[in-house]
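Examination of the molecular architecture
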Amino acid sequence: MRIALHGHKFNSDTIPFIQEVILFLQNKNVEVIVSQIFRKHATKAGFDLPDGPDLSKANPVESLDAIISLGGDGTLLETVTYVKHAETPILGINTGRLGFLANISKLDIQSALTSFFEQRFTYDYRTLLRLETNKEVFGDTSFALNEFTITKKDTSSMITVKCYINGEYLNSYWADGLMVSTPTGSTGYSLSCGGPVILPHSNNFVITPVSPHNLNVRPLIVPDESVISFVIESRGRNFLASLDSRSHTVDSSVEMSVRKEDFRAKLIQLHGYSFLDTLRNKLNWGFDLRN
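Everything in this summary refers to the structure shown in the same document. No experiment lies behind these values; they were computed from the predicted model shown.

1. As for the nonpolar core
Within the largest apolar cluster, 30 residues are counted, with the highest numbers of intra-cluster contacts made by L5, V21, F38 and I68. Those elements that place two or more of their residues in this core are β1 (2-7), α1 (15-27), β2 (31-34), α2 (36-45), β3 (66-71), β4 (90-94), α4 (109-117) and β17 (256-270). Excluding anything up to four places from it in sequence, I68 contacts I3, A4, L5, H6, V21, L25, L91, I93 and L113. Listed in part, the 28 residues of the second largest apolar core include F148, V161, V180 and V250.

Shown next, in the form of structure tokens:
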């Protein structure tokens, strides 16, 4: 087997768990490949890694059986940009607090990896959205697992985003910004802006305004077969376009639209783990906080 590792920002608390993963894989005679940034931080942390080709976004390693994301949800979102259209299975191990995507605790590494090698898992396919523009902005990573966001660039006045669905005018949003999120992203930035929680395989997008001026403007759920396009007006010349955690400054000459991506993220869902369990644990649903 060939398994890649990706992660960064190691500290004294997480290093033992990362070493545990590497040792487990080596004992299974796995060919371990690491991302360039993983090697950089591992070297700084003082532990050795096997020699070999490093994984990079420009030069992805072919024929991987899986890639393990070591970190939080942000690290897993970044891992998707390494995989791209290859749809390599991704296993998320959280070296911090429990995440929605990286939902395997660092305390469960042994049992989780054992389950993986014993093939006690299923594949959880997650919809990605794709940003299409008339000028190149994000290159070959013009997709997102969580959301696409348009926001004002600084502390200037709000922007106006005219939004269209399949070419038909929907609304003009006077706000700090506007986002389109996938069901996966509904528990991220969209949720903090008042958007609904959507189950992962609901085949929808959510259009959520960021701090809208008009209080009667609410998030809108649309089919993920929709093409959502935008026209931006602002007193400032520039604004920010973001895909997950990646942002670029653009101006109003950039035409943008969002649609469902042709490929998906292929997450490894171990038996005994479920989205509803994670949802309850993250949001404290079902718990009486008085006791």
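2. Observations concerning the sheet that holds strand β11 (residues 177-181)
Read from one edge of the open sheet, six strands run β13-β12-β11-β8-β15-β16, paired in antiparallel fashion. Two strands lie at the open edges of the sheet, namely β13 (220-223) and β16 (246-251), each paired on one side alone. Along the sheet, successive strands turn relative to each other by an average axial angle of 20°, direction set aside. Pairing of strand β8 (residues 147-152) with β11 involves five bridges; the strand directions are antiparallel. Paired with I150 across the two strands is L178, which belongs to β11.

3. With respect to the environment of M158
Locating M158 in the fold gives a position in the loop between β8 and β9 (159-165). Separated by 126 residues in the primary sequence, M158 and V32 have C-alpha atoms spaced 48 Å apart. Contacts of M158, omitting those with residues within four sequence positions, involve K152, W174, A175, D176 and H213.

4. Topic: helix α6 (residues 275-283)
Given 3.6 residues to a turn, an α-helix orients residues that are three or four positions apart in the same direction. Those residues of α6 not exposed but buried are F275, T278 and L279. The arc that holds every buried residue of α6, seen down its axis, measures 100°, which confines them to one face. Downstream of α6 by one or two residues, N284 has phi in the positive range, about 60°.

5. Section: the packing of aromatic side chains
Using the criterion set out here, one finds 10 aromatic pairs in the structure. Ring geometry for F100 and F275: centres 6.4 Å apart, planes at 35°, overall tilted. Taken as a pair, F100 in the loop between β4 and β5 (104-105) and F275 in helix α6 lie far apart in primary sequence, 175 residues in all. For the pair F100 and F275, one class covers both residues: buried. Judged by centre distance (5.4 Å) and plane angle (65°), the rings of F121 and Y123 are edge-to-face.

6. Section: the environment of S35
When you line up the elements, S35 lands in the loop between β2 and α2. When its relative accessible area of 0% is taken as the criterion, S35 is described as buried. Between the C-alpha atom of S35 and that of R126, which follows or precedes it by 91 residues, the distance is 23 Å.

7. Some words on the pattern of salt bridges
Within the structure shown, the criterion is met by 12 salt bridges. Here K84 ties to D140 by a salt bridge, and the two come within 2.9 Å at their closest N and O atoms. Of this pair, K84 sits in the loop between α3 (73-83) and β4 while D140 sits in the loop between β6 (121-133) and β7 (143-144); the two residues are 56 residues apart in sequence, bridging distant segments of the chain. Assessed through its relative accessible area of 10%, K84 is described here as buried. A salt bridge links D176 to K152, with the shortest nitrogen-to-oxygen separation between them at 3.3 Å. Taken together, the residues D176 in the loop between β10 (168-175) and β11 and K152 in strand β8 connect sequence positions 24 residues apart. Each of D224, E225 and K260 takes part in salt bridges that share partners, so that together they form one network.

8. With respect to the side chain of S181
Summarising the element assignment, S181 is placed in strand β11. Judged by its relative accessible area of 0%, S181 is buried. Once residues within four sequence positions are removed from consideration, S181 is found in contact with L129, N146, E147, S186, S190, N204, F205 and V206.

Cut-offs used in this document
- Residues numbered from 1 in each chain as written.
- Predicted model: local features only at pLDDT ≥ 70, side-chain atom pairs only at ≥ 80, totals over all residues.
- Heavy atoms only, no water.
- Core = buried A, V, L, I, M, F, W, Y, C linked by side-chain atoms within 4.5 Å.
- Buried < 20%, exposed > 50% of the residue type's maximum accessible area, 1.4 Å probe, protein only.
- Helix = DSSP H or I, 4+ residues; strand = E, 2+ residues; numbered from the N terminus.
- Contact = heavy atoms within 4.5 Å.
- Pairing = 2+ DSSP bridges.
- Axes fitted to C-alpha atoms, helices over the stretch in contact; angles between N-to-C directions.
- Arc of directions from axis to C-beta.
- Phe/Tyr/Trp six-rings, centres within 6.5 Å; stacked < 30°, edge-to-face > 60°.
- Salt bridge = Lys/Arg side-chain N within 4 Å of Asp/Glu carboxyl O.

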